[in-house]
Amino acid sequence: MKLRLLVVGRGSRELAEFESRFDQRLRPFADFQVVELPEGRAKQPVQRKQEEAKQILTHAGKGFILFDERGALLESVKWAAHLERQAGNAQLDFVIGGADGVADEVRREAAACWSLSKLTLPHQLVRAIVLEQLYRAFTIIQGHPYHRV
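The structure displayed is predicted, hence computed values, not measured ones. Each chain has its residues counted from 1, following the order in which its sequence is written. Thresholds applied to this predicted model are a pLDDT of at least 70 for local features of residues and 80 or more for the giving and counting of side-chain atom pairs; totals over whole chains, interfaces and linings are not thresholded and use all residues. Side-chain measures were taken over the full set of non-hydrogen atoms in the model, leaving aside hydrogen atoms and water.

Caption draft 1: Broad picture of the overall build of the protein chain. The secondary structure content of the protein chain amounts to 5 helices and 5 strands. Working definition: helices are DSSP H or I runs of at least four residues, strands are E runs of at least two. Numbering for both runs from the N terminus. In the protein chain, the succession of α and β elements from N to C terminus is β-α-β-α-β-α-β-α-β-α. Computation of the radius of gyration draws on C-alpha atoms, with the globule rule given as 2.2 Å multiplied by the number of residues to the power 0.38. The C-alpha radius of gyration computed for the protein chain amounts to 15 Å, which stays within 12% of the reference 15 Å derived for 149 residues, consistent with globular compactness. Taking the principal axes of its C-alpha atoms as reference, the protein chain extends roughly 50 × 30 × 30 Å. Burial here depends on accessible area, computed with a 1.4 Å probe over protein chains only, as a share of the maximum for the residue type. Under 20% is buried, over 50% is exposed, and the range in between is partly exposed. The buried share of the protein chain, reckoned over its 149 residues, is 43%. In the protein chain, 85% of the contacts between residues at least 6 apart in sequence involve partners at least 24 apart. Accessible area of the protein chain: about 8,600 Å², with a carbon and sulfur share of 48%. In this tally, Lys and Arg are treated as positive and Asp and Glu as negative; His is ignored, and so are the chain termini. Charge placement uses NZ in Lys and CZ in Arg. For Asp and Glu, CG and CD serve respectively. Charged side chains of the protein chain number 22 positive and 19 negative; the gap between the two group centres comes to 1 Å. Contacts: residue pairs with any heavy atoms within 4.5 Å of one another. Using the Shrake-Rupley algorithm and a 1.4 Å probe, accessible areas are obtained, with residue cover drawn only from the displayed protein chains.

Caption draft 2: The pattern of salt bridges, seen in detail. In what follows, salt bridge is the name for a side-chain nitrogen of Lys or Arg lying within 4 Å of a carboxyl oxygen of Asp or Glu. Under the counting rule described, the total for this entry stands at 10 salt bridges. Close ionic contact of Glu19 with Arg127 constitutes a salt bridge, the shortest N to O distance being 2.7 Å. One end of the pair, Glu19, is in helix α1 (residues 16–26); the other, Arg127, is in helix α5 (residues 123–142), with 108 residues separating them in the sequence. For Arg127, a relative accessible area of 8% gives the class buried. Each of Asp68, Arg70, Asp104 and Arg107 takes part in one network of salt bridges that share partners.

Caption draft 3: Fine view of the environment of Cys113. By the element assignment, Cys113 lies in strand β5 (residues 112–115). Taking the C-alpha atoms as reference points, Cys113 and Ile65, 48 residues apart in sequence, are found 5.7 Å from one another.

Caption draft 4: Quick look at the sheet that holds strand β4 (residues 91–96). A pair of strands is treated as paired once DSSP finds two or more bridges between them. The parallel open sheet is built from 5 strands, whose spatial order is β2-β1-β4-β3-β5. Among the strands making up the open sheet, the edge pair consists of β2 (31–37) and β5. Strand-to-strand twist in this sheet, taken as the mean axis angle between neighbours without regard to direction, amounts to 40 degrees. Each axis is a line fitted through C-alpha atoms, and for a helix only the stretch in contact is used; angles between axes span 0 to 180 degrees, taken between their N-to-C directions. Those strands touched by α5 are β1 (2–8), β2, β3 (65–73) and β4, and its axis lies near 170 degrees from that of β1.

Caption draft 5: Structural context of α5. Working rule for helices: expected span equals 1.5 Å times residues minus one. Over its 20 residues, α5 extends 29 Å from the first C-alpha to the last, a length consistent with the 28 Å expected when each residue adds 1.5 Å. The buried count for α5 comes to 14 of 20 residues, which makes it a mostly enclosed element. Phi for Gly143, located one or two positions after α5, is positive at around 75 degrees.

Written out as structure tokens, the structure reads:
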């Protein structure tokens, strides 16, 4: 399986070690890649989101999952079930928008929209949480003791 995490903007230096640890832990389960997309440069948030939408929709494969505070709240076991349903050689893209959120067209194109919390989270923190949850999902599938109920 090929997994890509498409993120608008750069990661946080403070979270880099955490991300690296889970990036390495994911390697036995999937061909995993983080793709950083440029932030919009326009002065107005709506225009920035439009610039970022072009980047997202150019890079994201069909059937991508968008992380958005308005999305469905799924527990870790459901993440695992979703990954388990994918074909062995499937490519699955996950998208994290920029600091201003995403344009409506990105939401419309997404196959699913998931939320990590009802809180508004900084996109750098979302990136770290998604990496950990992807690893957790694979350990659930494998019956590994990392995920404790």
